[in-house]
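Summary of the model geometry
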Amino acid sequence: MSPELTDGVFGPEGSGVTGVASAAMQISLEGKVALVTGASRGIGKAIATTMAASGAKVMLTSRKLDALQSAADEIAAETPGADVEVFAANAGDVASAGE
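Here we summarise the structure given alongside this text. Note that this is a predicted model, so its numbers are computed, not measured.

Once that is clear, we can look at the overall build of the protein. When you go through the protein residue by residue, the secondary structure sums to two helices and three strands. Burial analysis of the protein (99 residues in total) assigns 24% to the buried set. By sequence separation, contacts in the protein at least 24 residues apart represent 48% of the contacts at least 6 residues apart. Total accessible area on the protein is roughly 6900 Å²; 57% of this is exposed by carbon and sulfur atoms.

Once that is clear, we can look at the side chain of S62. By the secondary structure assignment, S62 is in strand β2 (residues 57–62). Of note is the side chain of S62, whose polar atom sits 3.3 Å from the side chain of S40. Apart from residues lying up to four places away in sequence, S62 is in contact with A39, S40, L68, F87, A88 and A89.

In this section: the nonpolar core. V36, A48, V58, L60, I75 and V84 are the most contacted members of the largest nonpolar core, which has 13 residues in total. Counting residues per element, this core draws most heavily on helix α2 (residues 65–78), which supplies four residues. For V36, the contacting residues outside a window of four places in its chain are G44, I47, A48, M51, V58, M59, L60 and T61.

This part takes up the pattern of salt bridges. Counting across every chain of the model gives one salt bridge. One salt bridge connects E74 with K45, and the closest N-O pair in it is separated by 2.3 Å. Of the two residues, E74 sits in helix α2 while K45 sits in helix α1 (residues 42–53), which places them 29 residues apart along the sequence. Among the residues examined, E74 registers a relative accessible area of 34% and is labelled partly exposed.

Glancing now at the environment of Q69. Turning to its location among the elements, Q69 is positioned in helix α2. Spatially, the C-alpha atoms of Q69 and F87 are 9.1 Å apart, while their sequence positions differ by 18 residues.

By definition, the strands of a sheet pair up through backbone hydrogen bonds, in either a parallel or an antiparallel sense. The strand order across the open sheet built from three strands is β1-β2-β3, with neighbouring strands paired in parallel fashion. Every interior strand has two partners, whereas the edge strands, β1 (33–37) and β3 (84–88), have only one. Neighbouring strand axes in the sheet, compared pairwise and without regard to direction, differ in orientation by 20° on average. Across five bridges, the pairing between β2 and β3 is parallel. The partner of L60 across the bridge, within β3, is V86. The sheet contacts of α1 involve β1, β2 and β3, and relative to β1 the element is tilted by about 170°. Packed on one face of the sheet, α2 meets β2 and β3 and runs near 170° to β3.

Criteria and cut-off values
- Residues numbered from 1 in each chain as written.
- Predicted model: local features only at pLDDT ≥ 70, side-chain atom pairs only at ≥ 80, totals over all residues.
- Heavy atoms only, no water.
- Helix = DSSP H or I, 4+ residues; strand = E, 2+ residues; numbered from the N terminus.
- Buried < 20%, exposed > 50% of the residue type's maximum accessible area, 1.4 Å probe, protein only.
- Contact = heavy atoms within 4.5 Å.
- Areas by Shrake-Rupley, 256 points an atom, 1.4 Å probe, with all protein chains shown as cover.
- Polar contact = N/O pair within 3.5 Å; in protein donor to acceptor, adjacent residues only side chain to side chain.
- Core = buried A, V, L, I, M, F, W, Y, C linked by side-chain atoms within 4.5 Å.
- Salt bridge = Lys/Arg side-chain N within 4 Å of Asp/Glu carboxyl O.
- Pairing = 2+ DSSP bridges.
- Axes fitted to C-alpha atoms, helices over the stretch in contact; angles between N-to-C directions.

See the structure below:
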């Protein structure tokens, strides 16, 4: 196992079994568009933030517009130059699809 991956965090001391935190891949999403559902909080917001930081144009979707706008503002503040838009949608409400 390469030395940069052996930090001893996840395995018994001296085992060489570790996490992948120090081996994160750098992927460019320049020119790509990401549609992230459930993006106003939690995992969805974290995914949207990471995609924006990687250069993607990101469309945040969730049910509540105010929470989406707040998430978009936070992502824009954390990632200068991020292209983030919001669209409130409820996949469980067929009638709202035409709005």
